[in-house]
Structures are given as C-alpha cells and as structure tokens.
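If you want the building blocks of each chain, they are given just below.
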Amino acid sequence: MPAVHLPRRAGRRTNLGLLALLLLATGTGVLAFGVGTPLPARLVTAAHGATGLGLLLLVPWKTVVVRRSRTRTVGRRDPTAAWALAVLVVLTLVTGVAHTVAGQAASLGGVGVLLVHVAVGVGTGALLVVHVAGSRQRPRRTDLSRRALLRAGGLAVGAVAAWGAVEGGLRLTGAPGGRRRGTGSHERGSGDPAAMPVTQWFTDTVPDDPGDTLELVAGGRTTRLRAAELDRGDGVTAVLDCTGGWYAEQEWRGVRLDRLLAGLDLPDGGSVDVVGVTGYRRRLPLADAGSLLLATHCAGRPLSTGHGAPVRLVAPGRRGYWWVKWVRRVEVVDAPWWAQPPVPLQ
Ligand code: HEM
Ligand SMILES: Nc1nc2c(c(=O)[nH]1)N[C@H]1C(S)=C(S)[C@@H](COP(=O)(O)O)O[C@H]1N2
Ligand SMILES: [Mo]
C-alpha cells in the first residue's frame, strides 16, 4: 500500500486544504442569508457551491491520511468525534446538492431540505472547531511557500470547475435547479399569492386576530391609521425571496413609506422600526423609505392573513425575513439600523 509511505507534509496540506474549504463554505453559507440582490447573491452562492464541492476533490487524499492515522499506535486520538464530523460533512454536502438540483421537490417530511442543510452545516462548523482544537498541527511559515500557494490555486481552480460542471449539468438537463435565482432559491407561486408558501422565520406563528389599526410614531406624534387608509395606490413589483429556498414575484400595492412620512420632522440618518402584532420586528434605514412599501394588497387582492393582512412590509432587494407581516407599529428612531440582532429572534 503506497499510501502509508506518503510524506508527513502531504497529510498536513490535505488537512489545511479541508480546513480552509470548510471555513469558507460555512462563512459563505451564512453570508448567503444576508444578500438579497441577484448579482452579489450569485457571487456568494457560487463561492459557496465551489468551496462545498471542492471538498470532494480532497477525498482521495484525506482517505490516505485517515488510513495512516489508523496504523499509528502512539498518541492516537479517540476517532469518534472525527467520524461524527465526517458524517455531518457528507450530510451537509448531500442536502446542499439536493436543494440545488431539486429545490422544494426534495423536502424531508415537510421540512425543506435547505433547512436541514443549514442545520447540519452549522453543526459541521461547530464540530470542526472541536476537531481542529484537538489537533496537533499548527500553522507554519512554510504553509505560505510558493509551492503551497500554487497547490492552493490548483485546488481553487478544481473547485470552481466542479461547481461549473454542476451548474452546466443542471442547465443542459433542464433540471429545476437550472432556473433558480442568484440566491439559489427556486420559484414558487409568482403572480399567484395563493400558491406562494406561508412561512414564518423561526418560532413565530400566524396570529388569530392581527387587528386592523397601525400606529405611526414619528416627528414627536403618534397617529392611528386604519388599514384601509393605507391603500393609497402606490405599487411595486418585487420578489419575496425566503432563506428557506423559494422565491415569488408579486405585484404589491399600498403606501410607500416616504409618502407616509412626508411632512414629518425626521432625524438625519435615522431608522424606522417595523413591528408586527406578535412582536416580530426589523429596523431599516430611513434612507430606504423611498423603496419600502406598506402593502395591503397582493396581485390586486387584499392580503390573506397568512401573507400578512392587514398590512405587511415589502422590502425589495432584501431577503424575506425583512418583510414584516401583520404590521402594528411603525416608529421612526434615532438609532442606526444595524443596532439590532442580525436576524430576527422569533
Ligand atoms: C460546512 C458547511 C457547508 C458545506 C460544506 C456546504 C456545502 C454546500 C453545497 C455542496 C451546496 C450545493 C452547491 C452546488 O451544488 O452548487 C450548498 C448549497 C447551499 N448552501 Fe451550503 N454548505 C455548508 C453550510 C451552509 C450554511 C451554514 C448555510 C446557510 C446559513 C448554507 C446555505 C446554502 C444555500 C443557500 C445553498 C444553495 C445555493 C445554491 O443553490 O446555489 N450552507 N452548500
Ligand atoms: N411577523 C412576521 N413577519 C414575517 C415572518 C415572521 O415569522 N413573522 N417571517 C418572514 C419570512 S422569513 C418570510 S420568508 C416572509 C414570508 O412571507 P409569506 O408567509 O407571505 O410568504 O415573511 C417574513 N415576515
Ligand atoms: Mo423566510
């Protein structure tokens, strides 16, 4: 078995390559949830797909490293955690590719396959930290040598090629994955809100009675508005793109936020808190008010309760978790928009 005679350095390079790819995959995966506009999203998901698929290129070498470690008699670590990590990586890869290829068709007992992917992906990241912390390999100067960098470049080219092969294959075969959006989401229910999924972010639930009034707190005044007063004929066509892996383009109608706030004394550089009846909330920059819509209608019909009646926020270019449903309060505040948890907590 020639494998056993491999120089020690080879194992070290393989391990470093795997570590770099796994860290990049986890990082770009998390980043993918933050971007909603097609081009930046395309770049992030491409980097994500390439780093994820690139792991497969190192499998032959890692097999050698693992075999060699099994022949070691001195200082061998308990391999249980390492095997758990390997299983999670495989599950993450399988669910990632299943989402990419088949989208909503690949759901496991009602749970979207992308949700499973994110859960095992985050688990992988956590186990990776444990695995690396228990390793005796530490960074060295020679890891940045010319040859090492050339090899890293080779791996990067291979990873991008693997991603390109998957993308090309999807397009050639006409698989659903060939038509997904830059964010990786698959189309569902465009122009037909009844066919669009009703989705909650985390623990939130559709309220029995979302009420009929909205409180506007701005310029030192509090105004109560009936939902009917918010249907002022402002319209926008915008894509709701859920991090669960689907998107839908709809015509939304209601009132633009800058028109609702017109004539009020607003703070420079301020933000606006949009709060739903259940307490679900997001804070957005006031500077975006011209592109934000408080919507009462979708595709010419009043919103259904599931989709946020009587009023929901429409935030073009932002992922679905910004589109607060059942809006009860809109409040202008001095604080910057980023002074909030990066994602909702409910
Ligand atoms: C070790 C961690 C991870 C690995 C190895 C991994 C790997 C993959 C792979 C191989 C794909 C399929 C890409 C393709 O076929 O082009 C994928 C898709 C995806 N992953 Fe991950 N992933 C990881 C973690 C995450 C995390 C933490 C998130 C989100 C928080 C995430 C979000 C996504 C999304 C949105 C897609 C769909 C992208 C698309 O369709 O182009 N991933 N992942
Ligand atoms: N109040 C409230 N608004 C919310 C959510 C929620 O859980 N609670 N989920 C958000 C998420 S993650 C998405 S994708 C969209 C889904 O909108 P839909 O159910 O109309 O499809 O609503 C957003 N607005
Ligand atoms: Mo979502």
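Residues numbered from 1 in each chain as written. Chains lettered and ligands numbered in written order. Predicted model: local features only at pLDDT ≥ 70, side-chain atom pairs only at ≥ 80, totals over all residues. Heavy atoms only, no water.

**Thoughts on the nonpolar core**
And then number 1: If you look at the biggest cluster of nonpolar residues, it comprises 42 residues, and the most contacted ones within it are Trp-252, Leu-257 and Leu-294.
And then number 2: Residue assignment for this core shows that the elements contributing at least two residues are β4 (213-218), β6 (234-242), β7 (246-256), α7 (257-260), β8 (271-276), β10 (293-298), β12 (312-314) and β13 (327-333).
And then number 3: Those residues in contact with Leu-294 that lie beyond four places of it in its chain are Arg-253, Gly-254, Val-255, Leu-257, Leu-260, Val-311, Arg-312, Leu-313, Val-327 and Val-330. (Core = buried A, V, L, I, M, F, W, Y, C linked by side-chain atoms within 4.5 Å. Buried < 20%, exposed > 50% of the residue type's maximum accessible area, 1.4 Å probe, protein only. Helix = DSSP H or I, 4+ residues; strand = E, 2+ residues; numbered from the N terminus. Contact = heavy atoms within 4.5 Å.)

**A closer look at the site of ligand 2**
And then number 1: Taken together, 20 residues sit near ligand 2, with Pro-197, Asp-204, His-307, Arg-312 and Lys-325 positioned nearest.
And then number 2: Taking Arg-312, its side chain carries an N or O atom lying 2.7 Å from an oxygen atom of ligand 2.
And then number 3: Contact with the protein chains hides 100% of the accessible area of ligand 2, taken as 530 Å² for the molecule alone.
And then number 4: The class makeup of the residues in the shell around ligand 2 is 12 nonpolar, five polar and three charged. (Near = heavy atom within 4 Å. Polar contact = N/O pair within 3.5 Å; in protein donor to acceptor, adjacent residues only side chain to side chain. Areas by Shrake-Rupley, 256 points an atom, 1.4 Å probe, with all protein chains shown as cover. Nonpolar A, V, L, I, M, F, W, Y, C, P; charged D, E, K, R; others polar.)

**Some details on the coordination of the iron atom of ligand 1**
And then number 1: Every protein donor of the iron atom of ligand 1 is accounted for by His-48 (NE2) and His-117 (NE2), and the metal-donor separations fall at 1.9 Å.
And then number 2: The site at the iron atom of ligand 1 holds six donor atoms, and with the angles between them running 86 to 180 degrees, its shape is octahedral. Note that His-48 is positioned in helix α2 (residues 38-57) and His-117 in helix α5 (residues 113-133), a separation of 69 residues in sequence. (Donors = N, O, S within 2.8 Å, 3.2 Å for Na, K, Ca; no water. Tetrahedral: all angles 85-135°; square planar, octahedral: opposite > 155°, others 65-115°.)

**Considerations on the site of ligand 1**
And then number 1: If you check the shell around ligand 1, you find 27 residues, and the closest are Gly-29, His-48, Thr-100, His-117 and Arg-180.
And then number 2: The side chain of His-117 places a nitrogen or oxygen atom 2.8 Å from a nitrogen atom of ligand 1.
And then number 3: Partitioned by chemical class, the residues of the shell around ligand 1 number 12 nonpolar, 14 polar and one charged.

**Focus on the pairing of strand β9 (residues 281-285)**
And then number 1: For β9, the tally of buried residues reaches four of five residues, placing the bulk of the element in the interior.
And then number 2: Inspection of the sheet shows β8 paired to β9 by five bridges, in the antiparallel sense. Counted as the bridge partner of Asp-273 is Arg-283 from β9.
And then number 3: A loop of four residues connects β8 with β9, the two strands running antiparallel in sequence, and Gly-279 in this loop sits at a positive phi of about 100 degrees. (Pairing = 2+ DSSP bridges.)

**What about unusual backbone geometry?**
And then number 1: Going from Ala-309 to Pro-310, the amide bond is cis rather than trans, its omega being 5 degrees.
And then number 2: As for its placement among the helices and strands, Pro-310 is situated in the loop between β11 (301-302) and β12.
And then number 3: You will see that Trp-326, though not glycine, has its phi angle at about 50 degrees, which is positive.
And then number 4: Residue position: Trp-326 is located in the loop between β12 and β13.

**A closer look at the UniProt feature "domain: Oxidoreductase molybdopterin-binding" (unreviewed entry) in the protein chain**
And then number 1: Under the UniProt annotation, "domain: Oxidoreductase molybdopterin-binding" (unreviewed entry) lies at residues 237-336.
And then number 2: Across residues 237-336, the secondary structure splits into 4% helix and 46% strand, with the terminal C-alpha atoms separated by 28 Å. (UniProt positions renumbered as here; feature names shortened; annotations may be inferred.)

**A closer look at the pattern of salt bridges**
And then number 1: Scanning all chains against the criterion turns up 14 salt bridges.
And then number 2: Across the pair Asp-143 and Arg-12 runs a salt bridge whose closest N-O atoms are separated by 2.8 Å. Placement of Asp-143 in the loop between α5 and α6 (146-173) and of Arg-12 in helix α1 (residues 8-32) is noted, with a sequence separation of 131 residues between them.
And then number 3: Exposure remark for Arg-12: the relative accessible area of 7% places this residue in the buried category.
And then number 4: Among the ionic contacts, a cluster of salt bridges with common partners joins Glu-167, Arg-171 and Arg-180. (Salt bridge = Lys/Arg side-chain N within 4 Å of Asp/Glu carboxyl O.)

**As for the packing of aromatic side chains**
And then number 1: By the definition in use, this model includes four aromatic pairs.
And then number 2: Their ring planes at 50 degrees and their centres at 4.9 Å tell us that Trp-201 and Tyr-321 sit as a pair that is tilted. With Trp-201 in the loop between β3 (186-187) and β4 and Tyr-321 in the loop between β12 and β13, this pair connects stretches of sequence that are 120 residues apart.
And then number 3: Overall, Trp-201 belongs to the partly exposed group, its relative accessible area being 26%. (Phe/Tyr/Trp six-rings, centres within 6.5 Å; stacked < 30°, edge-to-face > 60°.)

**Some thoughts on the packing of helix α4 (residues 80-102) against α5**
And then number 1: One can describe the packing of α4 onto α5 by two numbers: an axis separation of 8 Å at closest approach and a directional angle of 150 degrees. By the angle between their axes, α4 is roughly antiparallel relative to α5. Crossing geometry of α4 relative to α5 is assigned as left-handed. The residues of α5 that touch α4, namely those facing Ala-81, Ala-82, Ala-84, Leu-85, Leu-88, Val-89, Leu-91, Thr-92, Thr-95, Gly-96, Ala-98 and His-99, are Val-113, Leu-114, Val-116, His-117, Val-120, Gly-121, Gly-123, Thr-124, Leu-127, Leu-128 and His-131.
And then number 2: Split by residue class, the contact of α4 with α5 holds 14 nonpolar, nine polar and no charged. (Axes fitted to C-alpha atoms, helices over the stretch in contact; angles between N-to-C directions. Parallel < 35°, antiparallel > 145°, perpendicular 65-115°, else oblique. Left-handed = near helix turned anticlockwise from the far one by under 90°.)

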